[in-house]
Amino acid sequence: MDRHQETRRTGSVASINNAAVLAASSSGTPPPNQTWLERKLRPKKINARYPIKGKPLLFATCAFGSLGDALFGYNSGIMSGLLVNPVFLAKFFSEYGGADGDPAAINPTITGISVACLQASAAVGALIAGRLGDMIGRKKCVRLGGFIYFFSAFIQIFAPGFATFVLGRTIQGVGVGFLSMTVPIIQTEIAAPHRRGLMVGIEYTFLIAGYMLSCWVDYGFNFMLPDKMSWQGPFIIQIILSFVLLAMSFFLPETPRWLAKQGFLKESLQTVADLHTTNGDTNAEHVQSVFLEIQEAVRYEESLGSSGWGEMFTLYRKRTIVGITVQMFAQLNGINIISFYLPSTLADAGFGERKSLLYTGANAIPYTAATVVTWWLADHWGRRPLLILGGVLMAVLLAVVCAFNEADMPINVKANGQYAFVMLYNIVYGFTWGPMPWLLPAEIFPLRGRSKGMALATASNWIFNFIIGMVAPDAFAGIGGYFYLIIAAFCLFSAGLAWFYYVETAGHTLEEIAVAFGDKAFLASDQEVMDQAELKSAPRMSVVSKA
């Protein structure tokens, strides 16, 4: 580039920067065409300055969102341990065959209901949050989800019987739905383009760390048998974690993209600066570049009007299919069959009650460690290769688990063989089909439809989570280990879908992902805006042209 070209380029960017700052000065104007309810719920004032800036603020906000994930990861594991706790079973399942505390004697359908009630209500919570998140903001949505989670834990602790316990767990599912829908959006909307995989990878690590914590908490409190604290203790830890989440929600920022969408342009620009510079410098070139694309995308999406649910299946059909199917296969690929029922499965395979809890906790350690690999791979290798590799490897490993389950061999060999290959399966899932389904839906939808798109994807996750939770006990009772072959077939199908249909998104800004899907992203020329924002790179363009 010669000096004259550089001068023209610099002048162009500078004029755009000045326009961005000028537009920001009129901050607070609500977007057009808002409903009465949206106007009532929209905050009148936003505080966009925080005592910390740069990476400390960025990672504190990431930790806030990730704690929300840890809560529903913790919830996934807590029930697995309680289902082999004889005091818990005798209290809540006495009318369904569990009076003597033996899990094998309980009606498997009732076991499925106790597990799956949360998943059904979480799907409803995700859909509600999809609409509410656009009105009140991402941060307040997490706060509300955390409060529901906190309150419902008390219902479960003091439940007098099965019906009340299931009611508490069902209410808690609504809070889990709020958290699971909103947290990935927070992570993707605050992250720099080249670090989105890192941020959502950290979020998923927290999710599995929450699951791992619940496994070890179940194991630790099991030593308090026959005292009722052996099953109430894990819920007390749950209450403490949700209280910390609630407290954090009052001190951390709203996402800059939501602020811009709601007309708080000055606050949006300042939040971008606070998140990505050490001194909150709104004139930093990379801050202006990010804000330019946010502002241009908001202008374009305002010209389209408010997005309806129907548009998710028309204007954004491919994105919606990708979001729904990637979350659907996150469940159909079998992880929660392992998470919910591993202690019971190990007990049936010959492990004792406490030993099965110990081994479940040990299994969660490499599972959690494997998720750390995603922090680097998601941004440097890409989303699609991880999904394809994971689908194939998990299918092979589940087939081996089936073989050990059905083979005629000594029971200790069967138990150890199943455990070893379940652990390998968890490791593969931990860096492939675990984190990617939370990253893709949060980044592929445009700002005007991001909450609704993520809500549909998350609802898909919880609906199929519910189906798995309900079907698995009866399926294992009916066809035994051959159920693993059905799950293996889903793994192979998901790998093929990722290969032939999914679009690579690594390296794009959230606004540019529309171009990767073949859609228009900005009111002005897409190419011109990306050039002026100086975020276009050769690797990204190769992906766009390929898509």
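1. A closer look at the overall build of the chain
Then, number 1: Counting its secondary structure elements, the chain contains 24 helices and 0 strands.
Then, number 2: Per-residue burial for the chain yields a buried fraction of 60% across its 547 residues.
Then, number 3: Long-range contacts, defined here as pairs at least 24 residues apart, represent 81% of the contacts in the chain between residues at least 6 apart.
Then, number 4: As presented, the chain carries roughly 20,000 Å² of accessible surface, and 68% of it is formed by carbon and sulfur atoms.

2. Focus on empty space enclosed by the protein
Then, number 1: Counted by the stated rule, this structure contains 4 cavities of 30 Å³ or more.
Then, number 2: Estimates place the volume of the largest cavity at around 210 Å³.
Then, number 3: Forming the walls of the largest cavity are 21 residues, and the residues nearest its centre are Tyr204, Leu207, Gln331, Ile335 and Asn336.
Then, number 4: Contributions of two or more residues to the lining of the largest cavity are made by helix H3 (55-82), helix H8 (196-222), helix H13 (317-332), helix H14 (335-348), helix H19 (436-444) and helix H20 (450-479).
Then, number 5: Among the elements that make up the lining of the largest cavity, the one with the highest residue count is H8 (4 residues).
Then, number 6: Along the lines of polarity and charge, the residues of the lining of the largest cavity split into 12 nonpolar, 9 polar and no charged.

3. A few points about the packing of aromatic side chains
Then, number 1: The tally for this structure, following the rule as stated, stands at 23 aromatic pairs.
Then, number 2: For the ring pair Phe147 and Phe151, a centre distance of 6.5 Å and an interplane angle of 10° mean the geometry is stacked. With Phe147 and Phe151 both in helix H6 (residues 138-157) and 4 residues apart, this pair spans about one turn of that helix.
Then, number 3: With a centroid separation of 6.1 Å and 70° between ring planes, the pair formed by Tyr211 and Tyr367 is classed as edge-to-face. Placement of Tyr211 in helix H8 and of Tyr367 in helix H15 (residues 353-372) is noted, with a sequence separation of 156 residues between them. This pair shows no difference in class: Tyr211 is buried, exactly as Tyr367 is.
Then, number 4: Grouping aromatic residues by their ring pairs yields a cluster made of Phe88, Phe92, Phe93, Tyr96, Phe162, Phe165, Trp231 and Phe235.
Then, number 5: Above the plane of the ring of Tyr501 lies Lys318, whose end atom (NZ or CZ) is 4.8 Å from the centre.

4. Some points on the layout of surface pockets
Then, number 1: The calculated volume of the largest pocket comes to roughly 650 Å³.
Then, number 2: Together, 26 residues line the largest pocket, and Ser344, Thr345, Asp348, Pro473 and Phe476 are the ones closest to its centre.
Then, number 3: Of all the secondary structure elements, the ones that give two or more residues to the lining of the largest pocket are helix H5 (108-136), H14, helix H18 (411-431) and H20.
Then, number 4: With 5 residues, H14 is the single largest residue contributor to the lining of the largest pocket.
Then, number 5: Per-class residue counts for the lining of the largest pocket are 16 nonpolar, 7 polar and 3 charged.

What counts as what
- Residues numbered from 1 in each chain as written.
- Predicted model: local features only at pLDDT ≥ 70, side-chain atom pairs only at ≥ 80, totals over all residues.
- Heavy atoms only, no water.
- Helix = DSSP H or I, 4+ residues; strand = E, 2+ residues; numbered from the N terminus.
- Buried < 20%, exposed > 50% of the residue type's maximum accessible area, 1.4 Å probe, protein only.
- Contact = heavy atoms within 4.5 Å.
- Areas by Shrake-Rupley, 256 points an atom, 1.4 Å probe, with all protein chains shown as cover.
- 1 Å grid on protein atoms, 1.4 Å probe; cavity = no way out; pocket = protein on both sides within 12 Å on 5 of 7 lines; lining within 4 Å.
- Points joined across faces, edges and corners; volume = space filled by probe spheres on them.
- Nonpolar A, V, L, I, M, F, W, Y, C, P; charged D, E, K, R; others polar.
- Phe/Tyr/Trp six-rings, centres within 6.5 Å; stacked < 30°, edge-to-face > 60°.
- Lys NZ or Arg CZ within 6 Å of the ring centre and 35° of its normal.

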